[in-house]
Amino acid sequence: MTITRLDLSYPVGMVSHDMVQPTAEHLQCVQRILRYVSDTKDRGLLYWTDVAEQRVGYTDADWAGNTGDHRSTFGFAFSLGSVAIVWSSKK
């Protein structure tokens, strides 16, 4: 779902980062994510045909900002009009 739902990419990535030693807090986070998915399953992307298609791109990087492992994170998102069409986040 993280491929088709940009709003889930970050929280799922954060929870799955610590799955080597999951805790009760991780379970609560997963339950909250699943509740959010259930509550928003009727939502989708809407493309307007009468609006000028403006392409916009955003990027961001955090170089070794994680104090736990000092690894870098990079991400980008590109939109067509008001809808994100491609995005990625890598550690």
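Residues numbered from 1 in each chain as written. Predicted model: local features only at pLDDT ≥ 70, side-chain atom pairs only at ≥ 80, totals over all residues. Heavy atoms only, no water.

1. Observations concerning the overall build of the protein
Each helix and strand in the protein was counted, giving two helices and three strands. From first element to last, N terminus to C terminus, the protein shows the α and β order α-α-β-β-β. Relative to its length of 91 residues, the protein is extended, with a C-alpha radius of gyration of 16 Å against a globular reference of 12 Å. Along the three orthogonal principal directions, the C-alpha set of the protein runs to about 50 × 35 × 15 Å. Evaluated residue by residue, the protein yields a buried proportion of 12% over its 91 residues. In the protein, the share of contacts with a sequence separation of at least 24, taken over all contacts with a separation of at least 6, comes to 35%. Counting only carbon and sulfur atoms, one obtains 57% of the accessible surface of the protein, whose full area is about 7,600 Å². In the protein, 9 positive and 10 negative side-chain charges are present, and the distance between their average locations comes to 4 Å. (Helix = DSSP H or I, 4+ residues; strand = E, 2+ residues; numbered from the N terminus. Rg over C-alpha atoms; globule rule 2.2 N^0.38 Å. Buried < 20%, exposed > 50% of the residue type's maximum accessible area, 1.4 Å probe, protein only. Contact = heavy atoms within 4.5 Å. Areas by Shrake-Rupley, 256 points an atom, 1.4 Å probe, with all protein chains shown as cover. Lys, Arg positive; Asp, Glu negative; His and termini not counted. Charge placed at Lys NZ, Arg CZ, Asp CG, Glu CD.)

2. Quick word on the pairing of strand β2 (residues 73–80)
Each regular strand carries side chains that alternate between the two faces of the sheet. The pairing of strand β1 (residues 55–62) with β2 spans eight bridges and is antiparallel. Bridging across to β2, T59 finds its partner in F76. Connecting β2 to the next strand, strand β3 (residues 83–90), in antiparallel fashion are two residues, including G81 with a positive phi near 70°. (Pairing = 2+ DSSP bridges.)

3. Focus on the confidence of the model for the protein
For the protein, per-residue confidence averages 82 on the pLDDT scale, and residues scoring 70 or more make up 90% of the total. Across the protein, the element-wise mean pLDDT spans from 79 in β3 up to 92 in helix α2 (residues 24–39). (pLDDT = per-residue confidence, 0-100.)

4. Some thoughts on the environment of F76
Positionally, F76 belongs in strand β2. Between the alpha carbons of F76 and A61 there is a distance of 8.8 Å; along the sequence they are 15 residues apart. When sequence neighbours within four positions are dropped, the list of residues in contact with F76 reads Y58, T59, V86, W87 and S88.

5. A short note on the pairing of β3
Alignment of β2 against β3, held across seven bridges, turns out to be antiparallel. Paired with S79 across the bridge in β3 is A84.

6. Things to note about the packing of aromatic side chains
This structure, assessed with the given rule, holds two aromatic pairs. Note on F74 and F76: the rings are 6.3 Å apart at their centroids and 45° apart in plane angle, and the pair reads as tilted. Given a relative accessible area of 36%, F74 falls into the partly exposed group. Relative to F78, the ring of F76 lies with its centre 5.6 Å away and its plane at 55°, an arrangement referred to as tilted. (Phe/Tyr/Trp six-rings, centres within 6.5 Å; stacked < 30°, edge-to-face > 60°.)

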